[in-house]
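Here are the chains, one letter per residue:
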Amino acid sequence: MSTERSTNSPAAHPWKGRVAFVSGAASGIGFGLARVLASRGVRVAMSDVRREALDSACARLAAEGADVAPFVLDVADRAAFYATADAVEQRFGKVHYVFNNAGVGEVGTPLDQVPDRVFDWVIDVNLRGVFNGIKAFVPKLRRHGEGGHVVNVSSMAALVPDPGWHQGVYAATKMAVTALSLDLRLALAGTGIEVSILYPGLVRTDIAANVGALRPVAYDMPPETPALLAAADMPPETAAEIVLRGMERRAPLIVTHPLMWPVVAQFHDQVRAAFEAAP
Ligand code: NAI
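Owing to the predicted nature of the structure, the values given are computational and were not obtained by experimental measurement. Per chain, residues are indexed from 1 in the order of the written sequence. A pLDDT threshold of at least 70 governs which residues receive local features in this predicted model, and a stricter bar of 80 or more applies before side-chain atom pairs are shown or counted, although totals over entire chains, interfaces and linings include all residues. Only hydrogens and water are removed before side-chain values are computed, so all heavy atoms of the structure are retained for them.

**Some thoughts on the sheet that holds strand E6 (residues 193–199)**
Then step 1. Read from one edge of the open sheet, seven strands run E3-E2-E1-E4-E5-E6-E7, paired in parallel fashion. What marks the edges here is a single partner per strand, and that holds for strand E3 (68–72) and strand E7 (253–255). Averaged over neighbouring strand pairs, the angle between their axes works out to 20° when direction is ignored.
Then step 2. When DSSP locates at least two bridges between a pair of strands, those strands are taken to pair. Helix numbering and strand numbering both begin at the N terminus, where a helix is a DSSP run of H or I of at least 4 residues and a strand a DSSP run of E of at least 2. Bridging between strand E2 (residues 43–48) and E3 involves five bridges; their strand directions are parallel. Across the sheet, the residue bridging to Ala45 is Ala69, located in E3.
Then step 3. Should any heavy atoms of two residues lie within 4.5 Å, those residues are counted as being in contact. Inter-axis angles, ranging from 0 to 180 degrees, are taken between N-to-C directions of lines fitted to C-alpha atoms, where helices are fitted over the stretch in contact. Its contacts with the sheet put helix H5 (residues 168–187) on strand E5 (148–153) and E6, and the angle it makes with E6 is roughly 165°.

Shown next as structure tokens:
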């Protein structure tokens, strides 16, 4: 019998008793992550900008026996993020897993017609929010020295930049999440803190309704958007399980929908063709 132990095997991953912070945990993928983490014995700081939804999500998981607590936070508010990170540490002790998941999706409007405030809002939440989460928590992970994992949620939109509908602003933020995460991975090499980027395909969540409730200006959701989201077939918990398995194998990039590869490859083919055509 081999005595060699794989540190990448699920059994070897020390989930139990560790602490996670999940932004955007009141709904969808964030809620699924909180639930699946809790089922592994992880204690979860659940955070969201929507207080009531957060409280009820948290109560739901607590009723299932999870050790969870709610932290109301707008991820775009840097000072509030720092204060929340301190509060999470006070409540749970050392934090090991950080999921920068909160995000808002605005797609379907031609770029020149996107309201200025909507552009600013999507950048603030999807890009600044991820940077703020990194700045608030990574120094704490470095300090305790027990290792950990940062998961930043991007999107298939970052890998399929031109799917045939308008998603320029959203895709720009999600591409930026890739850039930030790759640099963070370099910064944390050798510290025992892993960094993964999650590229979800369509996951069945209430993102359209939540975006409708949160957007800063009255603005009809373009008709393509609900139709697009209606096609989402993957439950959030399934996506969350895929994330945890990716973390267990220390994957830098995690995808939920491998069948999307031919569409992603089309863009790579365009890039290759440009190089081949270059003088
Ligand atoms: P969701 O709307 O179900 O959950 C997102 C949560 O983030 C909501 O509870 C919302 O209140 C919260 N939130 C929004 N703005 C916030 C802010 N400023 N501060 C704190 N919390 C805020 O959406 P879903 O689908 O679960 O999305 C989660 C992440 O996954 C997002 O980053 C999204 O862009 C990404 N994603 C989702 C896909 C999908 O098909 N559902 C596909 C690709 C990426």
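**With respect to empty space enclosed by the protein**
Then step 1. Cavities and pockets are defined on a 1 Å grid built over the protein atoms alone: a cavity is a set of grid points where a 1.4 Å probe fits but cannot escape, while a pocket is an open set with protein on both sides within 12 Å along at least five of seven lines, and lining residues are those with an atom within 4 Å of any such point. Grid points are joined across faces, edges and corners, and a volume is the space filled by probe spheres set on the points. Enumeration over the complete set of coordinates arrives at one cavity of 30 Å³ or more.
Then step 2. The calculated volume of the largest cavity comes to roughly 70 Å³.
Then step 3. Along the walls of the largest cavity sit 12 residues, with Glu106, Val107, Thr109, Val114 and Val169 positioned nearest its centre.
Then step 4. Here the lining of the largest cavity takes three residues from H5, the largest share from any one element.
Then step 5. Classification convention: Asp, Glu, Lys, Arg as charged; Ala, Val, Leu, Ile, Met, Phe, Trp, Tyr, Cys, Pro as nonpolar; all other residues, Gly among them, as polar. A per-class count over the lining of the largest cavity returns six nonpolar, five polar and one charged.

**Section: the packing of aromatic side chains**
Then step 1. Paired rings are identified among Phe, Tyr and Trp, the last through its six-membered ring, by centres lying within 6.5 Å, and are further divided according to the angle between planes into stacked (under 30 degrees), edge-to-face (over 60) and tilted (the rest). Following the criterion strictly, the structure yields four aromatic pairs and no others.
Then step 2. Between Trp15 and Tyr97, the ring centres sit 5.0 Å apart and the planes meet at 50°, which makes this aromatic pair tilted. With Trp15 in the segment before strand E1 (19–23) and Tyr97 in strand E4 (residues 97–100), this residue pair connects regions lying 82 residues apart in the sequence.
Then step 3. Assessed through its relative accessible area of 4%, Trp15 is described here as buried.
Then step 4. Ring centres of Phe21 and Phe137 lie 4.6 Å apart, and the angle between their planes is 35°; on these two criteria the pair is classed as tilted. In this pair, Phe21 sits in strand E1 while Phe137 sits in helix H4 (residues 116–144), placing the two residues 116 residues apart along the sequence. Here Phe21 matches Phe137 in class, with each residue buried.
Then step 5. Two thresholds decide whether a charge sits over a ring: the Lys NZ or Arg CZ must be within 6 Å of the ring centre and within 35 degrees of the ring normal. One cation-aromatic arrangement involves Arg91 over Phe92; the distance from NZ or CZ to the ring centre is 4.3 Å. Throughout, exposure labels follow a simple rule: accessible area from a 1.4 Å probe, protein chains only, divided by the maximum for the residue type, with under 20% read as buried, over 50% as exposed, and the rest as partly exposed.

**Some points on the packing of helix H3 (residues 78–92) against H4**
Then step 1. It is at 9 Å that the axes of H3 and H4 come closest, and there the two elements cross at 40°. Two packed elements cross with a definite hand, and for H3 against H4 that hand is right-handed. Residue-level contacts link Arg78, Phe81, Tyr82, Ala85, Asp86, Val88 and Glu89 of H3 to Arg128, Gly129, Phe131, Asn132, Gly133, Lys135, Ala136, Phe137 and Lys140 of H4. By convention, the crossing between two helices is left-handed when the near helix turns anticlockwise from the far helix through less than a right angle, and right-handed when the turn is clockwise.

**Some details on the pattern of salt bridges**
Side-chain pairs of opposite charge can arise where the charged atoms are in close proximity.
Then step 1. The rule for a salt bridge is simple: a side-chain nitrogen of Lys or Arg has to be within 4 Å of a carboxyl oxygen of Asp or Glu. Within the structure shown, the criterion is met by 14 salt bridges.
Then step 2. For the salt bridge of Glu241 with Arg40, the shortest nitrogen-to-oxygen distance reads 3.4 Å. With Glu241 in helix H8 (residues 236–248) and Arg40 in the loop between helix H1 (28–39) and E2, the pair connects residues that are 201 residues apart, well separated along the chain.
Then step 3. For Glu241, a relative accessible area of 27% translates into the label partly exposed.
Then step 4. Residue class for Arg40 comes out partly exposed when judged on its relative accessible area of 25%.
Then step 5. The residue Lys140 makes a salt bridge to Glu89 at a minimum N-O spacing of 3.2 Å. Highlighted residues: Lys140 in helix H4 and Glu89 in helix H3, separated in sequence by 51 residues.
Then step 6. It is possible to trace a salt-bridge network through shared partners that takes in Arg35, Glu64 and Glu237.

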